[in-house]
Amino acid sequence: MSRHNKPTMGLTLGEAPGIGPELVVKALQDDEIKALATWVIIGDERVLHQGEAIAKLSLPYQKASSIDEVNDSHPVWLIDLGNLDPQSYELGVLSIHSGKITGETLIFALELAKTQKLDGVVYAPLNKEALHKGGFHFQDEIHFFADLLNCQEGFGEINVMDTLWVTRVTSHVPLKEVSALVTKENVLKTIQFADENLRKAGYQKPKICVAALNPHAGDGGLLGTEEIEEIIPAVEEAKDKGIEVNGPFPADTILLRRDTDPFDCLVGMYHDQAQIGMKLLGFNRGVTISGGLPVVLTTPAHGTAFDIAGQGIADPQPMKVAMKLGVRLSQNLN
C-alpha cells in the first residue's frame, strides 16, 4: 500500500513510566533497522526526550505536523501529539493518566493505519492495568485493537521467538474456565488461524504441532477426555483441509520434539502452557503479533519493566525484532 519506496511504519513509545521510550531511542540507533522503513514516531516529544536522556543517546528525527508531510527523505519522523507531560507521572510507577494517553495515542496510530497512511504499527510495551484504569475496559490490548478495527472474530495473539511461532486456543481467561473452552470448534479455528498467519508471513506450507490439555495427553481417557472428544477430531479435520498439523502431544515434552521433528508453530490450549516454554527458550527475543486484524501490529513480548525504568539498562533487542517482523508482515500483507 505504501506511497513511498519502503514501508511507512508507525512507532509508539508505549507506557511512558516504563522502558518504552528508552527502547525506541536505542532501537533506532541501529542503521539496519532505520533502513527497513520510514519510521514515524507518534507521541509526545517530551517523552521521547525522556527516552534519550535515560539511554544517554541522541536520536535525529524530522518533525511533521501530519502524516501527509512524511516522506523518504529522512528515516525517522515524529508526529508530536503534545499529550503527555513527563512531570505528570513518576518513572517505574503505574500512572492512570499515562495509561489513558497510551490508549489515545494507539487510537491515533490505528486511525492512520485504517486509512492506509501507515503500513503497520509497532508499539513499545504497554501496561494492561494502566490502560484499563485509564478508561479502556478491554480484556487485553488485542480486544482493544479489534474493537477499534471493527473485528468481531478471527483474531488472536501470536508470539514469535526466532523461528518458533506460538498461539493458543484460550488466552487471558481464568484457568478454571479453560476446559470448557477447549472444544473441537475452537481448536480447529486456532489451527486454521495459525496456518493463515504463517502463510501471510511467507511460509508456504507451515508445519503445526498441537499440545494436549491433560497430563500425558489424557492417558487414553484416564486423565481427561478432551483429547479424544475435542482435540483429535479438530486435528483430523484440519488435516482433511490440507493443513500440515500433528498432535496432540504431551505439553511437558512438546518443545523437545523440535530436535527430531521440527515444526513452525505450536498451538497450546492455554496461556502459560505455551508461554513458559517459549520464554525459557529466549525471553529476550520474543515478539507478540496481534494476528487476524486488518492492520499489522507487533510489540516486544515482555512488559513495561517498571522495576528497571529510568536506569538505562533496558535491552532493545526484542524491540528491534518486533520492528523487523512488523516490516516483514506489512510487506506480505500489502
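Everything that follows concerns the structure shown earlier in this document.
The present account deals with the structure reproduced in this document. (Residues numbered from 1 in each chain as written. Predicted model: local features only at pLDDT ≥ 70, side-chain atom pairs only at ≥ 80, totals over all residues. Heavy atoms only, no water.)

### Looking at the sheet that holds strand 11 (residues 286-291)
For sheets, the rule is that strands pair by backbone hydrogen bonds, running either parallel or antiparallel.
For step 1, the next point in the chain: Pairing within the open sheet is mixed, and its 12 strands lie in the order 3-4-2-1-5-12-11-6-7-10-8-9. Either end of the sheet is taken by a strand with one partner, and the two such strands are strand 3 (62-63) and strand 9 (244-249).
For step 2, the next point in the chain: As judged from the three bridges shared by strand 8 (residues 207-211) and strand 10 (residues 265-268), these two strands associate in the parallel manner. Within strand 10, the residue paired with V210 across the bridge is V267.
For step 3, the next point in the chain: Where helix 8 (residues 184-200) meets the sheet, its contacts fall on strand 6 (156-161), strand 7 (164-168), strand 8, strand 9, strand 10 and strand 11, and the angle it forms with strand 7 comes to roughly 145°. (Pairing = 2+ DSSP bridges. Helix = DSSP H or I, 4+ residues; strand = E, 2+ residues; numbered from the N terminus. Contact = heavy atoms within 4.5 Å. Axes fitted to C-alpha atoms, helices over the stretch in contact; angles between N-to-C directions.)

### Remarks on the nonpolar core
For step 1, the next point in the chain: Judged by nonpolar contacts, the single largest core of 63 residues is most densely connected at L28, W39, I41 and W165.
For step 2, the next point in the chain: Counting residues in hydrophobic clusters, the runner-up holds 29 residues, among them A109, A113, L293 and V295. (Core = buried A, V, L, I, M, F, W, Y, C linked by side-chain atoms within 4.5 Å. Buried < 20%, exposed > 50% of the residue type's maximum accessible area, 1.4 Å probe, protein only.)

### Topic: unusual backbone geometry
For step 1, the next point in the chain: Residue P248 is reached from G247 by a cis peptide bond, and omega for that bond is 5°.
For step 2, the next point in the chain: With respect to the helices, strands and loops of the structure, P248 is situated in strand 9.
For step 3, the next point in the chain: The backbone phi angle of Q116 is positive, close to 60°, even though this residue is not glycine.
For step 4, the next point in the chain: Although it is not a glycine, H216 adopts a positive phi angle of roughly 55°.
For step 5, the next point in the chain: Within the secondary structure, H216 sits in the loop between strand 8 and helix 9 (226-240).

### Looking at the packing of helix 4 (residues 96-114) against helix 6 (residues 141-148)
For step 1, the next point in the chain: Where helix 4 meets helix 6, the axes come as close as 11 Å, and the angle between the chain directions of the two elements is 45°. Classed by the angle they form, the pair helix 4 and helix 6 counts as oblique. Crossing hand, helix 4 versus helix 6: right-handed. Here G103, L106, I107, L110 and K114 of helix 4 come into contact with helix 6, specifically with F144, F145 and L148.
For step 2, the next point in the chain: Of the residues that constitute the contact of helix 4 with helix 6, the class distribution is six nonpolar, one polar and one charged. (Parallel < 35°, antiparallel > 145°, perpendicular 65-115°, else oblique. Left-handed = near helix turned anticlockwise from the far one by under 90°. Nonpolar A, V, L, I, M, F, W, Y, C, P; charged D, E, K, R; others polar.)

### As for the side chain of R168
For step 1, the next point in the chain: Relative to the helices and strands, R168 resides in strand 7.
For step 2, the next point in the chain: In this structure the side chain of R168 is engaged in a polar contact, spanning 3.0 Å, whose partner is the side chain of S171.
For step 3, the next point in the chain: Of note is the side chain of R168, whose polar atom sits 3.2 Å from the side chain of Q275.
For step 4, the next point in the chain: Beyond its immediate chain neighbours, meaning those up to four positions away, R168 contacts E157, N159, T190, G268, Y270, H271 and Q275. (Polar contact = N/O pair within 3.5 Å; in protein donor to acceptor, adjacent residues only side chain to side chain.)

### Observations regarding the side chain of E22
For step 1, the next point in the chain: Following the sequence through the fold, E22 ends up in helix 1 (residues 20-27).
For step 2, the next point in the chain: For E22, a relative accessible area of 1% gives the class buried.
For step 3, the next point in the chain: Within the local environment of E22, its side chain forms a polar contact with the backbone nitrogen of I313, the two atoms lying 3.3 Å apart.
For step 4, the next point in the chain: Not counting chain neighbours up to four residues away, the residues in contact with E22 comprise G51, I54, A55, G312, I313 and A314.

### A closer look at the packing of helix 1 against helix 3 (residues 45-55)
For step 1, the next point in the chain: Two elements in contact, helix 1 and helix 3, have axes separated by 8 Å at closest approach and are oriented at 70°. With respect to helix 3, the axis of helix 1 lies roughly perpendicular. The segment helix 1 lies against helix 3, with P21, E22, V25 and K26 engaging V47, L48, Q50, G51, E52, I54 and A55.

### A few points about the pairing of strand 6
For step 1, the next point in the chain: For strand 6, the buried fraction is high: six of the six residues fall into the buried class.
For step 2, the next point in the chain: Burial of strand 6 is two-sided: the residues G156, I158 and V160 facing one way and the residues E157, N159 and M161 facing the other way are all buried.
For step 3, the next point in the chain: When strand 6 meets strand 11, the two strands line up antiparallel, connected through six bridges. In the sheet register, V160 faces strand 11, and the bridge partner there is V287.
For step 4, the next point in the chain: Sheet topology note: the strand 6/strand 7 ladder contains three bridges and is antiparallel. Residue pairing in the sheet places V160 in a bridge with W165 of strand 7.

### A look at the layout of surface pockets
For step 1, the next point in the chain: In this structure, the largest pocket encloses a volume near 730 Å³.
For step 2, the next point in the chain: Residue assignment for the lining of the largest pocket shows that the elements contributing at least two residues are helix 6, strand 6, strand 7 and helix 8.
For step 3, the next point in the chain: Take the lining of the largest pocket: its biggest share by element is six residues, from helix 8.
For step 4, the next point in the chain: Of the pockets and cavities examined, the second largest pocket occupies roughly 280 Å³.
For step 5, the next point in the chain: Along its surface, the second largest pocket is lined by 18 residues, and K128, E141, T288, A301 and H302 are the ones closest to its centre.
For step 6, the next point in the chain: If you list the elements that add at least two residues to the lining of the second largest pocket, you get strand 6, helix 10 (271-282) and strand 12 (297-300).
For step 7, the next point in the chain: The greatest single-element share of the lining of the second largest pocket, amounting to three residues, is contributed by helix 10.
For step 8, the next point in the chain: Looking at the lining of the second largest pocket residue by residue, the class counts come to five nonpolar, nine polar and four charged. (1 Å grid on protein atoms, 1.4 Å probe; cavity = no way out; pocket = protein on both sides within 12 Å on 5 of 7 lines; lining within 4 Å. Points joined across faces, edges and corners; volume = space filled by probe spheres on them.)

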